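Each chain, written out:
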Amino acid sequence: MNADRITEKLAILADAAKYDVSCSSSGSNRQNKNKGLGNTGNGICHAYTEDGRCVSLLKILLTNVCIFDCAYCVSRKSNDVKRAAFTVQEVVDLTINFYRRNYIEGLFISSGIFTNADFTMERLVLIAKKLRTEENFNGYIHIKTIPGASEDIIKEAGLWADRLSINVEMPTEKSLALLAPDKKRIDMIAPMKVVKNLIIQNKEERKIFKKAPLFAPAGQSTQMVIGATPETDLEILYLANGFYKTMNMRRVYYSGYVPISNDNRLPAIGTPVPMVRENRLYQADWLMRFYGFKVQEIVNPLNPLLDMDIDPKLSWALRNMHLFPVDINTAAYEMILRVPGIGVQNAKKIITARRFAAVTFGNLQKMGISINRARYFISAGTSFETKDWLPQQIKHAILAEGSSKYKPNLSPQMALF
Amino acid sequence: MNIVTYDGSWQGFLTAVFEIYEYKITDVNCCNMHTAHASLFGKIHHAHTNVVKADRVLTSLQKKLSATAVQNIYKNFLSEISGVENVMVRFIQYVLANPQKVENNFSNSDVLKIHQVSKKVHREKHRMDAFIRFQRTKDDLYFAMVKPDFDVLPLIAPHFEKRYADQRWLIYDEHRKYGIYYDLQNVNEVSINFSIDVQNAATVAAIYSEEEILYQTLWQQYFSSVNIKARKNTKLHIQHMPRRYWKFLPEKQPHVPKYASK
């Protein structure tokens, strides 16, 4: 192996893959077989880049050569960047050697599209197959499905991979047509349905034959670019909600657009990455998945945009002050979970503790549950706050406590002046 | 104050608990004999480690507590925090004295403390799962040097045994001067007294396999290439990867990536 050449390839192909934000390595149940190499579990972040994102998988492209010309993508064919390609064996060697040194949890392999979708996808599947059969590798493998790949090849991919994903790329079909003229939404939705059905089918099979081969045990995920096109948070979150409801999607990722092009269809280079908005979308996503919120409670035609200066849970609470204060000693878990400032862990702690004795505000603080935010919304027999606060006052009081370094970027939409 | 000392081992601690009951010792200050201070007043009782006594304590705890709660006591023990034994003793006395299951009664300060310390130890265990970096030696041993805040090697052994079942590995605690070694069959504790500078270029060349340097360079290159400069967030980076762990991380060693990232 030529050290210089492989280092250069790794630099190019890791650089091109980094805009795919999925980093999850959890959710699979693949165990170590026959004293082989690796297993999967809750997922471990082995390192964090200087931008604070976790590194848990070796995330690379097989090649950044691409026949498509999607405006938001660094690897688009019209972009003047250096191109490179790994061989199948090089990817296998890199994965195994990084894994053995405990650098990574596994491989996330994606690729630019060369020749056609099936031809590209076959190479990706071959890498996974080699890892599983020749190296007895039981770590995590995430394969990016190429839009337009045929059902047979997707089926084979799922046999070797833990997770499959197809990026929906843009929140609306209109934006997709504008920025990625070569891609059609149907080419993304169709494989999602295929994967969804195969996963359901596989679960049924495994109920009958315990030894039936696994099919994508960590499910499927998708990603969309936000901030490149003028969609509202309402459109984005309704789409995400649809994926969770109808596609059994494990995760929807939101990728704040990093300006990389002078194309006049896109925000100019130098426009800040919409990091706050991205963060708020993830918060809203969590509310839907773990906090029992319906998407309409978070955004609706009256409030189509998420507040940038406060989180979506707090803004929901401020719109629904008639439901508060919540008595922490009698309220249901579902309602305690809706109190701003109290998360899943703390809600569970409160429920456990109150079985023994009534919980007081003093207890909460001792248990390490901060009530800076929650105090406007809870009572323990008596309310913490004796004064009647208006929603606007609460918001100001909470905002006055902290300061965000993103304050200048808090505007949700691009401002003209 | 009656001082009860033990030899510093887990079995020893459990024996001490047994003898506190056996001799009806009250007003206990339980501590490791190596760190105990002589006291002017009060008696000193030394508990000689006794496997039978230790097992009896463990069995009665297992009957009374969930597996997690028993493990939490062990994690507190591994924290080596000074005075933690007293919290553990009080916690054990509290749960054994109560007919109900009280291990989750967080309004009791000892229950809460046990819970909090075990959380801390667990976090350190998890960071070790993440930040251990093996280096391959010429005789095919995967070697890692660590310096965890708490004595977590016993906790991480099962994870590494399951994951790296087909390679010999050794994880060595630089601070506590012992390691765990997997010989393709079992994990054993080994004590070696050596100190080498694992990151020193000369040592690396002498001990480690030829491709070791290549893969470290590749990893450094990968680490710098996946970074998105437009999103720089040093505070978050440090929060997730505290500086005290950098010493053993190849990606945090001073290096100039051959190919700059965008």
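Keep in mind that this is a model prediction, so the values were computed, not measured. (Residues numbered from 1 in each chain as written. Chains lettered and ligands numbered in written order. Predicted model: local features only at pLDDT ≥ 70, side-chain atom pairs only at ≥ 80, totals over all residues.)

### Observations concerning the environment of E151 of chain A
Residue and element names in this part refer to chain A. For clarity, the cut-off: Going along the chain from the N terminus, every DSSP run of H or I of four or more residues is numbered as a helix, and every run of E of two or more is numbered as a strand. For the exposure call, what matters is how many other C-beta atoms sit within 10 Å of a residue's own: 20 or more marks it buried, 12 or fewer exposed, and in between partly exposed, using C-beta atoms placed from the backbone.
Residue position: E151 is located in helix 4 (residues 151-160). Assessed through the 14 C-beta atoms surrounding it within 10 Å, E151 is described here as partly exposed. It is 9.7 Å that separates the C-alpha atoms of E151 and D118, two residues lying 33 residues apart in sequence.

### Topic: the domain arrangement of chain B
Our working definition: Boundaries between domains were set according to an automatic or database domain assignment. Placing C-beta atoms from the backbone, we regard two residues as in contact once those atoms come within 7 Å.
Domain annotation for chain B reports domain 1 (2-123) and domain 2 (132-252). Residue-level contacts link four residues of domain 1 of chain B with five residues of domain 2 of chain B.

### Remarks on the interface of chain B and chain A
Taken residue by residue, the interface counts 42 residues in chain B and 43 residues in chain A. Broken down by secondary-structure element, the contributors of at least two residues to the side of chain B that touches chain A are helix 5 (109-131), helix 6 (153-163), helix 8 (210-225) and helix 9 (234-240) of chain B. Ranked by residues supplied to the side of chain B that touches chain A, first place goes to helix 8 of chain B with nine residues.

### Thoughts on the confidence of the model for chain B
The predicted coordinates ought not to be read in detail in places where the model reports low pLDDT. All names here are of chain B. Our working rule: Confidence of the predictor in every single residue is expressed as pLDDT, which spans 0 to 100.
On average, residues of chain B score 91 in pLDDT, and 93% of them are at 70 or above. Within chain B, the element-level pLDDT minimum falls on helix 7 (residues 201-207), averaging 70, and the maximum on helix 3 (residues 67-79), averaging 97. Model confidence for the complex: the whole-complex pTM is 0.91, and ipTM, which rates the interface, is 0.92.

### Focus: the domain arrangement of chain A
How big an interface is tends to be reported as the loss of accessible area on association of its parts. Residue and element names in this part refer to chain A. This is how the line gets drawn: Note on residue categories: nonpolar means Ala, Val, Leu, Ile, Met, Phe, Trp, Tyr, Cys or Pro, charged means Asp, Glu, Lys or Arg, and polar means any other residue, Gly included.
Assigned domains of chain A: these are domain 1 (3-298) and domain 2 (312-409). Centre-to-centre separation of domain 1 and domain 2, based on C-alpha positions: 37 Å. Going through the elements one at a time, helix 8 (275-290) and helix 9 (295-298) are the ones with two or more residues in the side of domain 1 that touches domain 2. Broken down by element, the residue count for the side of domain 1 that touches domain 2 peaks at seven residues, all from helix 8. Looking at side-chain class alone, the side of domain 1 that touches domain 2 contains eight nonpolar, two polar and two charged residues.

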